[in-house]
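Each chain is listed here by its residues.
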Amino acid sequence: MNILNLEQFSKQEIHHILDLAEEFKNGKKVDYQGEKVIANLFFEPSTRTHYSFDMAALKLGCKTQNFDTENSSLKKGETLYDTIKTFEMFGVDAVVIRHTKNEYYNELIEKIKIPILNAGDGTGNHPTQSLLDLLTIRQEFGHFEGLKAVIVGDVKHSRVAHTNIKVMERLGMTVYTSGPEEYKEEHNFVNIDEIIDKVDIVMLLRVQHERHINNMQETQEQYHTSYGLNMTRVNKMKERAIIMHPAPFNRNVEIADDVVECKKSRIFKQVQNGVYVRMALIYMSLEEK
Ligand code: CP
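As the structure is a computational prediction, the values presented were derived from the model and not from experiment. (Residues numbered from 1 in each chain as written. Predicted model: local features only at pLDDT ≥ 70, side-chain atom pairs only at ≥ 80, totals over all residues. Heavy atoms only, no water.)

**Details of the pairing of strand β1 (residues 37–42)**
Then, number 1: The buried fraction of β1 is high, at 5 of 6 residues.
Then, number 2: Note: β1 against strand β2 (residues 63–66), 4 bridges, orientation parallel. Residue pairing across strands places isoleucine 38 opposite threonine 64, the latter belonging to β2.
Then, number 3: In the classification by handedness, the crossover that spans β1, the intervening helix α2 (residues 48–59) and the parallel β2 is right-handed. (Buried < 20%, exposed > 50% of the residue type's maximum accessible area, 1.4 Å probe, protein only. Helix = DSSP H or I, 4+ residues; strand = E, 2+ residues; numbered from the N terminus. Pairing = 2+ DSSP bridges. Right-handed = clockwise from strand over helix to strand, strands pointing away.)

Here it is as structure tokens:
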């Protein structure tokens, strides 16, 4: 099966994926004994998603191929479809793809006959990130219904925000957005200082310099003062509230250096959960039609 976006899954199916990820966390063993090969094709830079998919595949006993865009025939003008079809013909069992184009997979799904796992498409979807976020939240609170989250920062350019807003609301959460006007999307938009003491989750977003057509209006220091999570703001959060960030993070821009690993931060737990979620998704993609 393809894993393209979270709209393809019902609420029950999302819980099933999270349950499976928990099973892998608790030691569930699947060993393909090197008989399955997963190809990771990242047309955009990535550390967490790329290498946690790689680690997940290795933990399942798969072999992996890691596509090097810089030294590939992309440089000779080869198309996305032709590149993916080539890996299919090599005999790989599934492809993990990140691409700059929103919903790039629409041009592939008719003709590519092996599972496609979407590792992020442009500003559209980041389903595996969202699932690891949901796993982290469910581990913390045991449920989604009634929880309140604020997503702070560059909401407009963020596939993490776009994916999370939709799925979190479907699961019964209330999602606010906050940050600079220039990155605003009209979705329960609030000032960070008016909401910080009312939410269960503060999810920060990276300022995505590479996606901006215009440079940021504020300096990094101004951004940090106006919207950044510093210890003064952390101390206003609810007692059980947590801090999340998909990472990579800009220290002392959207998050203060001393907040990254503070007691409320679950940022590195998210990274760890990414391996279990991706094990679940690779397993499902190989086993389910
Ligand atoms: N969170 C995330 O997608 O990080 P990478 O870009 O490093 O994969």
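**A look at the pattern of salt bridges**
Then, number 1: Applying the stated criterion across every chain, the model contains 14 salt bridges.
Then, number 2: Between glutamate 181 and lysine 184 there is a salt bridge whose closest N-O contact spans 3.7 Å.
Then, number 3: Owing to a relative accessible area of 24%, lysine 184 belongs among the partly exposed residues under this scheme.
Then, number 4: Note that arginine 233 and aspartate 193 form a salt bridge whose closest N and O atoms lie 2.8 Å from each other. In this pair, arginine 233 is assigned in helix α8 (residues 231–234) and aspartate 193 in helix α6 (residues 192–195), connecting sequence segments 40 residues apart.
Then, number 5: Where salt bridges share partners, they join Glu181, Lys184 and Glu186 into one cluster. (Salt bridge = Lys/Arg side-chain N within 4 Å of Asp/Glu carboxyl O.)

**A word on the layout of surface pockets**
Then, number 1: The volume enclosed by the largest pocket comes to roughly 430 Å³.
Then, number 2: Lining the largest pocket are 22 residues, with Arg98, Arg159, Arg206, Ala247 and Pro248 positioned closest to its centre.
Then, number 3: For the lining of the largest pocket, the secondary structure elements donating two or more residues are α2 and α5 (159–170).
Then, number 4: For the lining of the largest pocket, a count of residues per class yields 6 nonpolar, 9 polar and 7 charged.
Then, number 5: Approximately 180 Å³ is the volume attributed to the second largest pocket.
Then, number 6: Taken together, Met1, Asn2, Ile112, Lys113, Ile114, Pro115, Ser285, Leu286, Glu287, Glu288 and Lys289 make up the lining of the second largest pocket.
Then, number 7: Among the residues forming the lining of the second largest pocket, the class breakdown is 5 nonpolar, 2 polar and 4 charged. (1 Å grid on protein atoms, 1.4 Å probe; cavity = no way out; pocket = protein on both sides within 12 Å on 5 of 7 lines; lining within 4 Å. Points joined across faces, edges and corners; volume = space filled by probe spheres on them. Nonpolar A, V, L, I, M, F, W, Y, C, P; charged D, E, K, R; others polar.)

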